[in-house]
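# Results of the structural survey
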Number of protein chains: 2
Amino acid sequence: MLALRLIERKRDGGRIEPGEWRALANAYAVGHVPDYQMAAFLMACFLRGLDRGETHALTEAMLRSGDSLDLAYLDRPRIDKHSTGGVGDKVSIVLAPLIACLGVAVPMMSGRGLGHTGGTLDKLEAIPGFDTNLTLDAARGLLETLNCALIGQTAEIARADPKMYALRDATGTVESIPLIAASIMSKKLAEGLTGLVLDVKRGSGAFLPELQRGLELAQMMIELGLDHQCPVVALITAMDRPLGRACGNALEVEEAILALRGEGPDDLMQVTYALGAEMLLLARCVEDRGEAQRRMTDAISTGRAAEHFQRIIEAQGGNPAVVDDPSILPQSAEVEVFTAPRRGFVSRVEPRAVGRGIAAMGGGRTTMEDTLDLSVGFVITARPGDWVEEGEAIATIFARDRTGIDSGRLTLRSAIMLADEADPPLPLVSHRVSAAGVEVLEP
Amino acid sequence: MLALRLIERKRDGGRIEPGEWRALANAYAVGHVPDYQMAAFLMACFLRGLDRGETHALTEAMLRSGDSLDLAYLDRPRIDKHSTGGVGDKVSIVLAPLIACLGVAVPMMSGRGLGHTGGTLDKLEAIPGFDTNLTLDAARGLLETLNCALIGQTAEIARADPKMYALRDATGTVESIPLIAASIMSKKLAEGLTGLVLDVKRGSGAFLPELQRGLELAQMMIELGLDHQCPVVALITAMDRPLGRACGNALEVEEAILALRGEGPDDLMQVTYALGAEMLLLARCVEDRGEAQRRMTDAISTGRAAEHFQRIIEAQGGNPAVVDDPSILPQSAEVEVFTAPRRGFVSRVEPRAVGRGIAAMGGGRTTMEDTLDLSVGFVITARPGDWVEEGEAIATIFARDRTGIDSGRLTLRSAIMLADEADPPLPLVSHRVSAAGVEVLEP
C-alpha cells in the first residue's frame, strides 16, 4: 500500500518525505515493490518533478540501500571523474592511471555501454584477461597499493540504483534531471570520495543535448555533493562529434594507450588535461592549472603514466604487454578504408549515427543481455571543418565480416556530412561549473 | 521498441494514432508488452490526457482485442445498464429480471467488488449454486430464452481490458476519465447492445465525487456510443450515502428480492425505476415515462418480475427457492443491533466508511485474490435527515464472529454521524445526460 500511496501523491504533484524515499528504495531493492508500481511512480516523478529536498532524499535513500567503498582510512585525496556519456569517449582510461600515478586515489566505478554510447567496462574488457568484476575488498586493496581500481558497479553498491536504472531505460523515464543526478551521485558518493569531477556532454550525441539542461544537471549534482561534503566541479564538453578518432571498444583502448604514450589526438588530450587539472586541484596536489598541466605532461613524457597503467592491468589480471603492443587487442577480421564521396568541408560527424552503427556491427548493446564483438568500429580521421578532396581517405572501417563492412560504409555515408561550407563545431570545453557558479571558458 | 516509443511520445504530450493503440492493446493482451512499460504509459496518459480521437481509438482497440457477444441475430432490443459503482447499489439485480420480463434482452456483464465498492458478481454468488462463469455460447442461449444472462467478463471479451484494469488499480491510474470511459465502453460495446443506460454516481462514495467530472465522463461515454451506433443515456444519482438499507453481499441480494416483490426501500425503487424507464425508452418498448412506470410497477405487483428472476437463477444453476425464502442465503453467525449513541439528526451516512468496514469484516476485497465472507454487512435503517433518539435502533451488524461485531460497531460509529442539524442530502436522481445535452431533473 505504501507504493500506491506514494504514486498517487506524486501523480497529484505532492511531495515525498525522506523516510518515504528510504522505505521505497529499500522495498524496491529487495523486490517488495513490483516493477510496474515503480514504473508508474517514475513516470509521475518525470512529469511532476522532484524538488531540491526530494532529490537529496532520493540520492541518500539509494546510497543507503547498499554498501559503500568506505575509503576514509586512505590518507590520500580520493577523486573520481564521471562522464554523462558519449561516442569515442575514452577519457577515463587515460585519466585513471595518469592521475593515480600523481598520488591521487581514483576509485573508478564505471558502467557498460547502452544505446549509442559506449561504456568504460566494455572497453577495458578488450584487454585480454582484464577483470573488472572485483569485490569491494579487492578494490580497496588496489586503491591502497596503486591508487586505482577500475571496476563495475558491484551488487553491493547502491542496490536500488542498477535495478531502477534498467527500469528507467525501458520505460522512457531516463532524461529527468533529478533522477539522473540522484542515480549518478548515489553511486559516486558510495565511493567515499573527497572530490568529483563531472564531464557533462552537450550537443547532438549527448544525453541532454541542450546546454541549459546540462548546466542544470551539473548544478544539481554540485548541490548533492555539497550535502555530503564532497566538492564537485563540472566541465561542459562537446559531444556534437565523437571525441578523438577511434570509436569502438578495442580501438578506443588502443587510442587511450597512445594518449598515455603522448601520441593521442589533440581533442582527446585537451579534454583529458582539462578534467585532470580539475581532479588535481580538488585533490589540492597542485597550486594552479599551470602546475597541473606540467605534472600531467611530465607523467606522460617520462612514461610514468603508461607504466602505471601496465601495473593496474597486471593487478586486475590483464596482459600488461598491451601497453607496448596494442596489436594483442582483439583485431577485426575485415578492414576497409572509407573515402570521401565528394570534395567539400566536413560539416558534421554525427555521434549518434556512429554509435548506432557500431551497435549494428555487433560492437554495442541494444539490450543489457547482448554480447559484444569488441574488435569492430571506426577510426575517423576527418574532423568537422576539415576540407577534403573526393576519394581522399577520411576513415577506416573495422568489421567482423563483409556484411559488417557494408553496414559500416552505410553508417559513415550518413554520419559524415560533406558540404560547400561548414559551421564551426561547438567549443571543446566551454563552461566550468562549481559551487561558485558558472564560468564561460575562453576557446 | 514500439512501447518505448509510445511511452516517450505520450510523456512529451504527443498523440497516439489508431493503429498504434491497436498494436499496443494486442501486444499487451498477449504479454508482448510487459506490465512495467504499460504502467509508465498509463501514468503518462493519466497526466497528459487523451483527446477525443485517442479515446475512441483506445476503446476500439480494446474492443477488438477480444470477441464480442454478437447478438445482432436476436430480433429484440438489447439494452444494458452500467453503474460507476457505489455502496449498497443492488440495482442491477432488480433491473435485469424486471426489464428482461418486459421483452428487452439484458446481456448484463458485471464485475467484482474492489476497494470500498461492491460488485454484482460477488452478490449473485451469494445465491447457493449460482454460476456467473458462463461461456459466451451459454450466455447467448440464455438471452434467447430468458432475455437475460448475468455473467462476469469472460476471458474472451476485450482481452486487454481486465489486465489493464488490474494494472491501473495497482498503479494509481484509475481516476482518468478517458481511461475509465474506454474501459467501460469497450466491454459494453462487446455485448452488441442497441442501447446503454449509465448510472453515474456522484458524492463522497463515488469514484469521481464531483458532479462536473461525472458529467464529463457521461458525455465522453455518450460520444463513444455514438461512434458505434449505440445510443447512451446517463443519469447522475446520489452516492453521498448508501443506496437502500442493506450493504453487504447476501444482505443486498435479499433486499433486491424484496424489491422485486414490491417491498423495496423507496430510494432503491426510485433509482431502479428511473434507470429502467430509460432502458425501456431506448428499447422503444414504451411511448413515455408514464407508460414505462406503469409497466414496471405492474410487472412487480403481479409477481412476474420475481418469477422471471427465479427462472434466471434456475437457468444459471442457482437455487430458485431463494426468491420465496431469502433465508437460504448465507447467514452470518453473529447479529447485533446498533443504537444511536445520542439524540439528533442523522447528518451523514458515509458510504466509503461503510464499504471499507464491510471489507474489514471479510465481505470485501483489498486485492483481487481475497475470498469473501458473503454473509457479513450492515442494514442501516436511519437515513440522512432522520431525527433519532438516544438508544434508538438505527442499524444491524452482521458478522462472522464477535471480533467482526466489534469492528462493525466501530465502523458505524464513524460512518453514521449525528448532529443538532443536518444539511439536506444530494437529490437522488439529479441530472439526465444524452446526446441532446444535460437536463437538470426536478427533485
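No experiment lies behind these values; they were computed from the predicted model shown. (Residues numbered from 1 in each chain as written. Chains lettered and ligands numbered in written order. Predicted model: local features only at pLDDT ≥ 70, side-chain atom pairs only at ≥ 80, totals over all residues. Heavy atoms only, no water.)

Taken together, a rotation about one axis and a shift along it account for how the two chain copies relate. Note on the identical chains: chain A maps onto chain B by a rotation of 180 degrees and an axial translation of 0.2 Å, with an RMSD of 0.1 Å. Accordingly, the operation relating the two chain copies is best matched by a two-fold axis. Residue tyrosine 36 of chain A of chain A places its C-alpha closer to the rotation axis than any other residue of that unit, at 1.9 Å. When the interface residues of chain A are mapped onto chain B, 100% of them again fall at the interface, so both copies present the same face. (Least-squares fit on C-alpha atoms with pLDDT ≥ 70 in both. Contact = heavy atoms within 4.5 Å.)

Turning our eyes to something else, we now look at the packing of aromatic side chains. Residue and element names in this part refer to chain A. One pass over the structure, following the stated rule, counts four aromatic pairs over all chains. Arranged with centres 5.5 Å apart and planes meeting at 70 degrees, the rings of tryptophan 21 and phenylalanine 41 form a pair that is edge-to-face. Taken together, the residues span a long stretch of sequence, with tryptophan 21 in helix H2 (residues 18–29) and phenylalanine 41 in helix H3 (residues 35–48) at a distance of 20 residues. As far as burial versus exposure is concerned, tryptophan 21 and phenylalanine 41 are alike and both buried. Ring geometry for phenylalanine 345 against tryptophan 387: centres 5.1 Å apart, planes inclined by 80 degrees, an arrangement best described as edge-to-face. Taken together, the residues phenylalanine 345 in strand S8 (residues 344–349) and tryptophan 387 in strand S10 (residues 387–388) connect sequence positions 42 residues apart. The partly exposed category is assigned to phenylalanine 345, whose relative accessible area is 29%. Geometry around tyrosine 28 places lysine 163 over its ring, the cationic atom sitting 4.3 Å from the centre. (Phe/Tyr/Trp six-rings, centres within 6.5 Å; stacked < 30°, edge-to-face > 60°. Helix = DSSP H or I, 4+ residues; strand = E, 2+ residues; numbered from the N terminus. Buried < 20%, exposed > 50% of the residue type's maximum accessible area, 1.4 Å probe, protein only. Lys NZ or Arg CZ within 6 Å of the ring centre and 35° of its normal.)

Residues and elements named next belong to chain B. For asparagine 147, which is not glycine, the phi torsion reads 65 degrees and is therefore positive. Within the secondary structure, asparagine 147 is located in the loop between helix H7 (136–146) and strand S3 (148–152). Of note in this structure, arginine 284 is not a glycine but carries a positive phi near 55 degrees. With respect to the element layout, arginine 284 can be found in the loop between helix H12 (266–282) and helix H13 (289–301). Residue arginine 284 is classed as exposed on the basis of its relative accessible area, which comes to 76%.

This part takes up the interface of chain A and chain B. The interface is formed by 21 residues belonging to chain A together with 21 residues belonging to chain B. Summed over both partners, the interface of chain A with chain B comes to about 1,600 Å²; 72% of that surface belongs to carbon and sulfur atoms. Applying the counting rule to chain A against chain B returns two salt bridges. Between glutamate 175 of chain B and arginine 11 of chain A there is a salt bridge whose closest N-O contact spans 3.5 Å. Those elements that place two or more of their residues in the side of chain A that touches chain B are helix H1 (2–11), H3 and helix H8 (160–170) of chain A. It is H3 of chain A that contributes the most residues to the side of chain A that touches chain B, ten residues altogether. (Buried area = accessible area lost by both parts, 1.4 Å probe. Salt bridge = Lys/Arg side-chain N within 4 Å of Asp/Glu carboxyl O.)

In this section: the side chain of arginine 140 of chain B. All names here are of chain B. Within the secondary structure layout, arginine 140 lies in helix H7. There is a polar contact of 2.6 Å between the side chain of arginine 140 and the side chain of aspartate 137. Not counting chain neighbours up to four residues away, the residues in contact with arginine 140 comprise Ser68, Leu69, Asp70, Leu71 and Tyr73. (Polar contact = N/O pair within 3.5 Å; in protein donor to acceptor, adjacent residues only side chain to side chain.)

For the rest of this paragraph, the subject is the side chain of lysine 201 of chain B. All names here are of chain B. Here lysine 201 is to be found in strand S4 (residues 195–202). Among the polar contacts made by the side chain of lysine 201, one reaches the side chain of aspartate 199 at a distance of 2.8 Å. Aside from chain neighbours lying at most four places away, what touches lysine 201 is Ser83, Thr84, Gly85, Asp89, Ala206, Leu208, Thr237, Met239 and Leu243.

Function cannot be inferred from these measures alone, as they are strictly geometric.
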